[in-house]
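# Coordinate analysis (summary)
Listed below, chain by chain, are the residues.
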Amino acid sequence: MEYTSADGPAPTDSAAPSAPSASSPAGLAALFADLVRCETRLYNAIGDRLRERHGIVTSQYEFLHHLHEHPGCRVADLAAEFAIGVGATSKGVDRLEKQGWAARQPNPDDRRSSLLVLTPAGEQLVAEARRTFTGALAELLGTDLDAPALDGLARTLSTLRAALERDRTGTPAG
């Protein structure tokens with residue numbers, strides 16, 4: 001199976017050059033570029049919608065959503081989930097606290113850490129922003145990909161993510 005880049009499918013004319021195989025160095029480089037550029041463009045487009053409608057950016061939504069789904073997690077848990085440094089994560093939580101959307105509570109099992117929870121204002125914000133987030137994703141992804149293609153992409157990325165996480169690949173040192 002040959003990899004097809006964003007430039008389109010490989011030409012069918014046998015005299016025309018074909019797209020590089022995804023397992024070749026050129027194909028892997030093209031695959032990496034497509035993955036990164038898609039992620040960046042999706043992240044930015046979602047961020048634009050969230051900023052316009054809710055006054056938050058994508059990273060704030062991701063933190064809020066994770067705290068909604070995992071109340072009582074620690075800063076270190078957030079850092080591990082998003083593969084970012086603990087310092088950057090703590091600063092992000094500080095911003096959420098300053099806005100009144102999240103709070104740190106004492107951790108009864110470890111005095112060195114705090115447990116993170118959403119405030120009522122944070123719960124309301126994440127509920128409202130979730131509709132914007134999912135609607136924008138459906139629009140951005142569903143325009144050019146049908147359900148079987150989206151399902152296949154989801155399975156592929158889930159498999160890749162699981163392997164990277166299993167091997168702790170790309171985990172920040174600090």
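These notes cover the structure that comes with them. As the structure is a prediction and not an experimental result, all values here were calculated from the model.

Counting secondary structure elements, the chain contains six helices and two strands. Beginning at the N terminus, the succession of helices and strands in the chain can be written as α-α-α-α-β-β-α-α. Across the 174 residues of the chain, 24% fall into the buried class. When contacts within the chain are restricted to residue pairs at least 6 apart in sequence, long-range pairs at least 24 apart make up 47% of them. By element, 56% of the accessible surface of the chain is carried by carbon and sulfur atoms, the whole surface being about 11,400 Å².

Next up on the list: the pattern of salt bridges. As enumerated under the stated definition, the model contains 10 salt bridges in all. A salt bridge links Asp-94 to Arg-104; the shortest N-O distance between them is 2.8 Å. With Asp-94 in helix α4 (residues 86-98) and Arg-104 in strand β1 (residues 102-106), this pair connects stretches of sequence that are 10 residues apart. With a closest N to O distance of 2.4 Å, Arg-104 and Glu-97 form a salt bridge. What makes Glu-97 partly exposed here is its relative accessible area of 29%.

Among the secondary structure elements, Asn-107 is positioned in the loop between β1 and β2 (114-118). Since its relative accessible area comes to 9%, Asn-107 is described here as buried. Other than its neighbours up to four places away in sequence, Asn-107 contacts Arg-74, Ser-113, Ser-114 and Leu-115.

So, about helix α2 (residues 58-69). Compared with the 16 Å implied by 1.5 Å per residue over 12 residues, the 16 Å span of α2 between its first and last C-alpha is a close match. Looking at the buried residues of α2, the elements they touch are α1 (25-54), α3 (75-82), α4, β1, β2 and α5 (120-142).

Turning next to the environment of Arg-130. Here Arg-130 shows up in helix α5. Residue Arg-130 is classed as partly exposed on the basis of its relative accessible area, which comes to 26%. Once the C-alpha coordinates of Arg-130 and Leu-50 are considered, the two residues, 80 residues apart in sequence, prove to be 9.3 Å apart. Beyond its immediate chain neighbours, meaning those up to four positions away, Arg-130 contacts Tyr-61, His-65 and His-68.

What counts and what doesn't
Sequence order as written defines the numbering, with residues in each chain counted from 1. Note on the predicted model: pLDDT of at least 70 is required for a residue's local features to be given, and 80 or more for side-chain atom pairs to be given and counted; whole-chain, interface and lining totals, by contrast, use all residues. To obtain the side-chain values, all non-hydrogen atoms of the structure were included, while hydrogens and water were left out. Secondary structure is summarised from DSSP: a helix means a run of H or I of at least four residues, a strand means a run of E of at least two, and numbering begins at the N terminus for each. Partly exposed describes any residue whose relative accessible area lies between the buried limit of under 20% and the exposed limit of over 50%, with all areas from a 1.4 Å probe on protein chains only and scaled to the type maximum. Should any heavy atoms of two residues lie within 4.5 Å, those residues are counted as being in contact. To measure how exposed things are, a 1.4 Å probe is used in the Shrake-Rupley method; for residues, cover is taken only from the protein chains shown. Counted as salt bridges are all cases of a side-chain nitrogen of Lys or Arg within 4 Å of a carboxyl oxygen of Asp or Glu. Every helix has an expected span of 1.5 Å times one less than the residues it contains.

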